[in-house]
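Okay, here's what each chain looks like letter by letter:
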Amino acid sequence: MDAKKDDALRTNQAAFERNSKFIYFGLLSFSMILYAFLTTKPAQLFQGLYRIYFNPCHLFSDFVAIGGFGATLVNIALIILVELLVIWRSKGSQTGTIITSIFTTVGYAFFGTSLFNFLPILLGVYLYSRLEKLPFNTLLLQAFMGSAIGPISNYIAFGLGLGPALGLGLGLLVGVVVGMITSPLSTVFLRFHQGYNLYNLGFTAGVIGMIAVAIMRQFNISIDAISILDSEHSLQLILFALILFLSFILFGLFLKGWDLNDYRRLLSSSGRLLTDYVQQYGSGISFFNMGILGLMGLGFLKLVNAPINGPVIGACITASAFAAIGKHPLNILPLMIGTSLATFLHGSFQSTETILAILFGMNLAPIAGQFGWLAGILAGYLHVAVVGHVLPLHAGFNLYNNGFAAGFVAAFLVPLIESVQRIYESRTTNE
Amino acid sequence: MNSREEQKTSNIVRALTLYYLHKKCPQTSITIIPSPPSYTVVVSGSVSLSPKELQEMTDHLNQPKIPEMEYYYDDLIVSDTIDNLFILLGAMVSKARVDYQDGLLRIELTH
């Protein structure tokens, strides 16, 4: 009887959390749209959206600079609404993985992910699920985060000078094809770094981008680097992120009934994939953790007086999103020390690219969680060194460039650390 | 059984085998029961378990299935550490049963 009661309570709590999350995401989207229309004239908004959608947008294309702050918010809100629709229609769950993928696309919708390049990839993943006869709701992560490679559609459509019909058709077709190949590749590439890189889709998108660029270069197509960064909306961007992170904390506390007892247990986890905090501790604790990480990110930006623009705030949001599936304040600190140390020695905290490497370097948090602080600091240091080297391989088509770099760092570092551990253990046993 | 389900079953068997080996089980028995569309893996052997370990294992194995786990993360279970193993297994199976009597641990997983 007690077991039945427990089951009923769990089911009720799950339904309450699911409905609350739908309402939260919906309110978030409509607030952004409302704010955009209250602060920007409709004509300007549509012109801004046009510029965001119909332009090459590989790294680094700051949508706030290209389309304006209001249009960027509308772009973000529309992507969230499409994702909610897909989750609802496919009867998908709202696990930590899915929450992470939603807020990752929110972050990247500041600098590269738009509805234009998001939809073909979504369609491609859907077609793959039909061909493989897999339930689409098992592939939502790939459907949402596959948009990492979205700028390839924009570049083919608007960067090659193919004309509107051919360019648009080919760009969209390539997007669909990329969506179809993302799922099978992402599964295999997970083994490469054994789950120690939280941005596995970034690694997958990097490989796809690398192959695509290699093919383009066979046809003598050169891809020019872009660096369009906004410097006029710092206050709005900071306030947006601050409100978002505070809303995570308040929403989390609301879902958890203002009880944080489980948070200490979460802080002791290694964070390696697949650590789904929503499944293990519930949505409340997960949102709370996301908010804390987001505020830590903002605090860091203030501490080092970093440039504030779309990519930097997008990175901060994405970094916090992964606090639903593995990151927490204790396992990211060694990484932040390592990445900051590398920046202090060899780079500058005033460089957007370096700040992104520091914020995204946290994706190696499972290394620190599993092997300790020293390993985490080393991983962070290596990450900053590798990230700049891999960008030219995909010419900026992979928005999750840091995920690509982290895959190599984890694949290089983890077997070596494990080997050292084995040697140490065998010596200790022999003694 | 299609190749995906075969792979998944094989991964579950490998993960459980690793666990019993890690626990220094002197003899491990494995039974695989294909009954499409579901497949059951039963592994048993003598291991030493504390009540806390048993409770945690049972809780982790009985957590709700995670759809994304089915065809994406399932390969991770064969390379994962023991402490995260049952969380991953619980996320990819639809039914789990754990019995521990007189030192004999029997784990039955259906996916």
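The rules we used
- Residues numbered from 1 in each chain as written.
- Chains lettered and ligands numbered in written order.
- Predicted model: local features only at pLDDT ≥ 70, side-chain atom pairs only at ≥ 80, totals over all residues.
- Pairing = 2+ DSSP bridges.
- Helix = DSSP H or I, 4+ residues; strand = E, 2+ residues; numbered from the N terminus.
- Axes fitted to C-alpha atoms, helices over the stretch in contact; angles between N-to-C directions.
- Contact = placed C-beta atoms within 7 Å.
- Nonpolar A, V, L, I, M, F, W, Y, C, P; charged D, E, K, R; others polar.
- Buried ≥ 20, exposed ≤ 12 C-beta atoms within 10 Å, placed from the backbone.

All right, on to the sheet that holds strand β2 (residues 38-46) of chain B then. Residues and elements named next belong to chain B. Overall, antiparallel pairing links the four strands, which are arranged β1-β2-β4-β3 in an open sheet. Pairing within the sheet leaves two strands with one partner each, and these edge strands are β1 (28-35) and β3 (95-101). Looking at each pair of strands side by side, their axes are set apart by 10 degrees on average, direction ignored. The pairing of β2 with strand β4 (residues 104-110) spans seven bridges and is classified as antiparallel. The residue of β4 that forms the bridge with T40 is T110.

What follows is about the interface of chain B and chain A. Across the contact, 17 residues belong to chain B and 21 residues belong to chain A. Those elements giving two or more residues to the side of chain B that touches chain A turn out to be α3 (67-73) and α4 (82-92) of chain B. Among the elements that take part in the side of chain B that touches chain A, α3 of chain B stands out by supplying seven residues, more than any other. Classifying every residue of the side of chain B that touches chain A by side-chain character gives 11 nonpolar, three polar and three charged.

As a further point, take the pairing of β4 of chain B. The side chains of a regular strand alternate between both faces of the sheet. Residue and element names in this part refer to chain B. Residue alternation in β4 divides its side chains into a buried set, L105, I107 and L109, and an unburied set, L104, R106, E108 and T110. Sheet analysis places β3 next to β4, joined by seven bridges and oriented antiparallel. Bridging across to β4, R97 finds its partner in E108. What sits between β3 and β4 in their antiparallel hairpin is a turn of two residues, with D102 showing a positive phi close to 50 degrees.

Here the bond from L59 of chain A into F60 of chain A is cis, since omega is -5 degrees, no more than 30 degrees from zero. With respect to the helices and strands, F60 of chain A occurs in the loop between α2 (42-53) and α3 (63-67). The omega torsion across P36 of chain B and P37 of chain B is 10 degrees, close enough to zero to call that bond cis. Mapped onto the fold, P37 of chain B is located in the loop between β1 and β2. Located in the positive-phi region is K91 of chain A, a residue other than glycine, with phi close to 55 degrees. By the secondary structure assignment, K91 of chain A is in the loop between α4 (69-89) and α5 (96-108).

These figures capture arrangement, not role.
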